[in-house]
Amino acid sequence: MASLLGASSTSGRRSWLWALTLLCTVLGGSLALASALYLIGHDGGRAYDTQAYWIAGRRVLDGTALYSQASVSDLGAYKYPPVFAQIFVPAALLPELLVAWLWRISGVLCLRYIVGSWRAAIVACAFIPVLTELSLGNVTLQLAAVLVFAMRDRRGAYLLPWAVALKFGPALLVPFLWFRKPATRRPLVAGTAVFAAACLTSYAIAPGAWSDYVATFGWENGSLMSGGGVIAVVPSWGGLDFVLRFAFAGVVALYAVYSRRGWLAYAAAAVTCPVMAISRLAPLVGLWRFRPAGWPGTRRRTVRKADMPPGAQPLEASS
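Attention in this report is confined to the structure presented alongside it.

## Remarks on the nonpolar core
Membership of the largest hydrophobic core comes to 63 residues, with the highest contact counts inside it found for Tyr78, Phe84, Leu111, Ile114, Val115, Leu173 and Tyr266. By residue number, the principal contributor to this core is helix α8 (residues 140-152), which donates 9 residues. In this structure, Tyr78 is in contact with Ala52, Ala56, Leu66, Tyr67, Phe84 and Ala85, ignoring residues within four places of it in sequence.

Shown next, in the form of structure tokens:
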């Protein structure tokens, strides 16, 4: 009798989970389609942040200044190191609208990688920050994919220094990788050396651009944290606002190292950035990849280490 009741309870949970998954899939798919149609109908699908990258690439080509004093929400403001604008030059040779959609597609592919399947990616679109990031064309989902890659495979650590230079928050993953995944130490050091060499080359090409970039930290330190969806602890002082948020996230990241909670280190690194907005919560959908074995959606299977790619490791909630 007890076994029958247990089987009935399990069957009921599975039916409930199936219905919830179906509902979220329909909702996420509908929202994604509606968002795409709106973007196309509005202006063809231009992306707010991707436009800044494209303009920066054009400025490199034209030899004009990359940086100018701007507020948090100013259209076309470029805030990253010059080396990334130089790398973006080939894309700047293409029409802006085409670049916006190519970058948006790369965001979709990164989303699929972050959550682990296409069905999960569609479900993730029910989380509004995800669609907002895909609309804006920021680097948020791409950086989240780098973080997941670094957690799953030591080769991902080669890319981490580039991610750190873009948003600073990814640096919070380094302690966890260094102490809990020692195999990533050499890639971290090598990746840092390669990035440093790229920056030195960039500086040799355009030393003035790097001087201007360093100067941006002065006026951005006192910038006003305001704009659509912006979240700030100290709205009137951008520099202090970021320092406080980074310090709090740093404590969380160190606790993640101590407690071996990889998901917590990922979350701290993924959502910490100079300008915090609701849309920057999008990478949190990647926590699905850290669910323990036995949770809904996981399959029990044995993978021989010899069958795994070099450097690959299972991604678990505790690692």
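## What to know about the side chain of Glu96
Counting through the fold element by element, Glu96 comes out in helix α5 (residues 96-115). Classification of Glu96 by relative accessible area gives buried; the value is 15%. Within the local environment of Glu96, its side chain forms a polar contact with the side chain of Gln51, the two groups lying 3.1 Å apart. Contacts of Glu96, omitting those with residues within four sequence positions, involve Arg46, Gln51 and Trp54.

## Overview of a nonpolar patch on the surface
On the surface, Leu94, Leu98, Leu102, Ile105, Val108, Leu109 and Trp118 cluster together into a nonpolar patch covering about 620 Å² of accessible area. Here the nonpolar patch takes 5 residues from α5, the largest share from any one element. On the secondary structure map, Leu98 appears in helix α5.

## Looking at the environment of Ser30
One can find Ser30 in helix α1 (residues 2-43). Residue class for Ser30 comes out partly exposed when judged on its relative accessible area of 42%. Measuring from C-alpha to C-alpha, the distance between Ser30 and Ala126 comes to 8.6 Å, with 96 residues separating the pair along the chain.

## A word on helix α7 (residues 128-136)
For α7, the complete set of buried residues consists of Pro129, Val130, Leu131, Glu133 and Leu134. One or two steps after α7, the chain reaches Gly137, where phi turns positive at roughly 70°.

## Some words on the pattern of salt bridges
Tallied over the entire structure, the rule returns 5 salt bridges. In this structure, Lys79 and Glu220 form a salt bridge, with 3.4 Å as the shortest nitrogen-oxygen distance. With Lys79 in the loop between α2 (48-62) and α3 (82-87) and Glu220 in helix α12 (residues 207-221), the pair connects residues that are 141 residues apart, well separated along the chain. Assessed through its relative accessible area of 28%, Lys79 is described here as partly exposed.

## Section: the side chain of Arg245
With respect to the helices and strands, Arg245 occurs in helix α13 (residues 238-259). For Arg245, a relative accessible area of 13% puts it in the buried group. There is a polar contact of 2.8 Å between the side chain of Arg245 and the backbone oxygen of Pro274.

## A few points about α2
The first and last C-alpha atoms of α2 sit 21 Å apart over 15 residues, in line with the 21 Å expected at 1.5 Å per residue. Taken together, the buried positions of α2 are Asp49, Thr50, Gln51, Ala52, Tyr53, Trp54, Ala56 and Gly57. Buried residues along α2 sit against α3, α4 (89-92), α5 and α7. Where α2 terminates, the next one or two residues include Gly63, which has phi positive at roughly 75°.

Calculation notes
Residues numbered from 1 in each chain as written. Predicted model: local features only at pLDDT ≥ 70, side-chain atom pairs only at ≥ 80, totals over all residues. Heavy atoms only, no water. Core = buried A, V, L, I, M, F, W, Y, C linked by side-chain atoms within 4.5 Å. Buried < 20%, exposed > 50% of the residue type's maximum accessible area, 1.4 Å probe, protein only. Helix = DSSP H or I, 4+ residues; strand = E, 2+ residues; numbered from the N terminus. Contact = heavy atoms within 4.5 Å. Polar contact = N/O pair within 3.5 Å; in protein donor to acceptor, adjacent residues only side chain to side chain. Patch = residues over 30% accessible without salt bridge, like charges linked within 9 Å, V, L, I, M, F, W, Y side chains within 5 Å. Areas by Shrake-Rupley, 256 points an atom, 1.4 Å probe, with all protein chains shown as cover. Salt bridge = Lys/Arg side-chain N within 4 Å of Asp/Glu carboxyl O. Expected span 1.5 Å × (residues − 1).

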